[in-house]
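Now for the letters of each chain:
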Amino acid sequence: VYSKLASAYYDEEMTNDAIAMYKKIIEIEPNHVEAHYELGLVYIEEGLCDDGIGEFKKALEIDPKYEDASYSLGDAYYDCNKKDDALAMWETLLKDNPGDSILHYNLGVIYRDKGQLKNAISELQKAIASNPNADDAKKLLQQLTAKKQRLKSTGDIKKNKKKAEKKNTK
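My aim in this report is to walk through the structure given alongside it, one point at a time. (Residues numbered from 1 in each chain as written. Predicted model: local features only at pLDDT ≥ 70, side-chain atom pairs only at ≥ 80, totals over all residues. Heavy atoms only, no water.)

1. Examining the packing of helix 1 (residues 2-11) against helix 2 (residues 15-28)
For the pair helix 1 and helix 2, the least separation of the axes is 7 Å and the interaxial angle reads 160°. Taken together, the axes of helix 1 and helix 2 lie roughly antiparallel to each other. Taken as a pair, helix 1 and helix 2 cross one another with a handedness that is left-handed. Judged by residue contacts, Tyr 2, Ser 3, Leu 5, Ala 6, Ser 7, Tyr 9 and Tyr 10 of helix 1 engage Thr 15, Asp 17, Ala 18, Met 21, Tyr 22, Lys 24, Ile 25 and Ile 28 from helix 2. (Axes fitted to C-alpha atoms, helices over the stretch in contact; angles between N-to-C directions. Helix = DSSP H or I, 4+ residues; strand = E, 2+ residues; numbered from the N terminus. Parallel < 35°, antiparallel > 145°, perpendicular 65-115°, else oblique. Left-handed = near helix turned anticlockwise from the far one by under 90°. Contact = heavy atoms within 4.5 Å.)

2. What to know about the nonpolar core
Core analysis: the biggest nonpolar cluster contains 36 residues, and Ile 53, Tyr 66, Leu 73, Trp 90 and Leu 144 have the highest contact counts within it. Going through the elements one at a time, helix 3 (33-45), helix 4 (49-62), helix 5 (67-79), helix 6 (83-96), helix 7 (101-113), helix 8 (117-130) and helix 9 (135-169) are the ones with two or more residues in this core. Excluding its chain neighbours within four sequence positions, the residues that come into contact with Trp 90 are Tyr 71, Gly 74, Asp 75, Tyr 78, Leu 103, Asn 106, Leu 107 and Ile 110. If you look at the next biggest cluster of nonpolar residues, it comprises 11 residues, including Ala 6, Ile 25, Val 42 and Tyr 43. (Core = buried A, V, L, I, M, F, W, Y, C linked by side-chain atoms within 4.5 Å. Buried < 20%, exposed > 50% of the residue type's maximum accessible area, 1.4 Å probe, protein only.)

3. Some details on the packing of aromatic side chains
According to the stated counting rule, one finds three aromatic pairs in the structure shown. Ring geometry for Tyr 37 and Tyr 66: centres 5.2 Å apart, planes at 65°, overall edge-to-face. With a gap of 29 residues between them, Tyr 37 in helix 3 and Tyr 66 in the loop between helix 4 and helix 5 connect regions that are remote in the sequence. Neither residue differs from the other here; Tyr 37 and Tyr 66 are each classed as buried. (Phe/Tyr/Trp six-rings, centres within 6.5 Å; stacked < 30°, edge-to-face > 60°.)

4. Concerning the pattern of salt bridges
Going through the model one piece at a time under the given rule, you end up with seven salt bridges. Glu 27 is the partner of Lys 24 in a salt bridge, and the nearest nitrogen-oxygen pair spans 3.8 Å. Highlighted residues: Lys 24 and Glu 27, both in helix 2, separated by three residues, approximately one helical turn. Of the residues examined, Glu 27 reaches a relative accessible area of 59% and is grouped as exposed. Among the salt bridges present, the one from Lys 58 reaches Glu 61, with a minimum N-O distance of 3.9 Å. (Salt bridge = Lys/Arg side-chain N within 4 Å of Asp/Glu carboxyl O.)

5. Side note on the packing of helix 4 against helix 5
At a minimum axis distance of 9 Å, the contact between helix 4 and helix 5 shows a crossing angle of 155°. Viewed along their axes, helix 4 and helix 5 adopt a mutual orientation that is roughly antiparallel. Between helix 4 and helix 5 lies a crossing whose hand is left-handed. Counted together, Ile 53, Phe 56, Lys 57, Ala 59 and Leu 60 of helix 4 and Ala 69, Ser 70, Ser 72, Leu 73, Ala 76 and Tyr 77 of helix 5 form the full contact between these two elements. Class assignment for the residues of the contact of helix 4 with helix 5 results in eight nonpolar, two polar and one charged. (Nonpolar A, V, L, I, M, F, W, Y, C, P; charged D, E, K, R; others polar.)

6. A look at a negative patch on the surface
Together, Glu 34, Glu 67, Asp 68 and Asp 96 line one region of the surface with negative charge. Examined against the element boundaries, Asp 96 turns out to sit in helix 6. Looking at Asp 96, the relative accessible area reads 66%, which means it is exposed. (Patch = residues over 30% accessible without salt bridge, like charges linked within 9 Å, V, L, I, M, F, W, Y side chains within 5 Å. Areas by Shrake-Rupley, 256 points an atom, 1.4 Å probe, with all protein chains shown as cover. Lys, Arg positive; Asp, Glu negative; His and termini not counted. Charge placed at Lys NZ, Arg CZ, Asp CG, Glu CD.)

7. What to know about the side chain of His 104
When you line up the elements, His 104 lands in helix 7. Non-local contacts of His 104, meaning those with residues more than four positions away in its chain, are made with Leu 94, Pro 98, Glu 123, Leu 124, Lys 126, Ala 127 and Ser 130.

This is the structure:
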């Protein structure tokens, strides 16, 4: 009953009441994995990063195989600007799901954010290979490939300019 009430409160944007209901469930049943998970989602949605991450971790302590909590924890890390933690989480998940297009896409995004274009492009190619309909991956791959070409061209121009300057000074 509390779970349904918490969900209804959240659906009606009565966030504080939803949080109170999830906490009530956890008070009654401390190992209620779904309550920890759902509370984590609410906290993250509300921008309460540490609380949300803590609830996802608690859900995973209770049930280490709870895949939704693992994926959500990676997303929460990313959304909360803990990109190294997100990277580690998604790489760990990828070991069990090597063909997961979304994980490859997520890694591509993180590598892009870190300025590692080669790794980003590689992950996006894997995402597309796993799911040929991955339009977001295709779009980002196209953008990064174009950026890599521009950087290469800029680098070539600078090299040629330096050579010309060196030649002129002789």
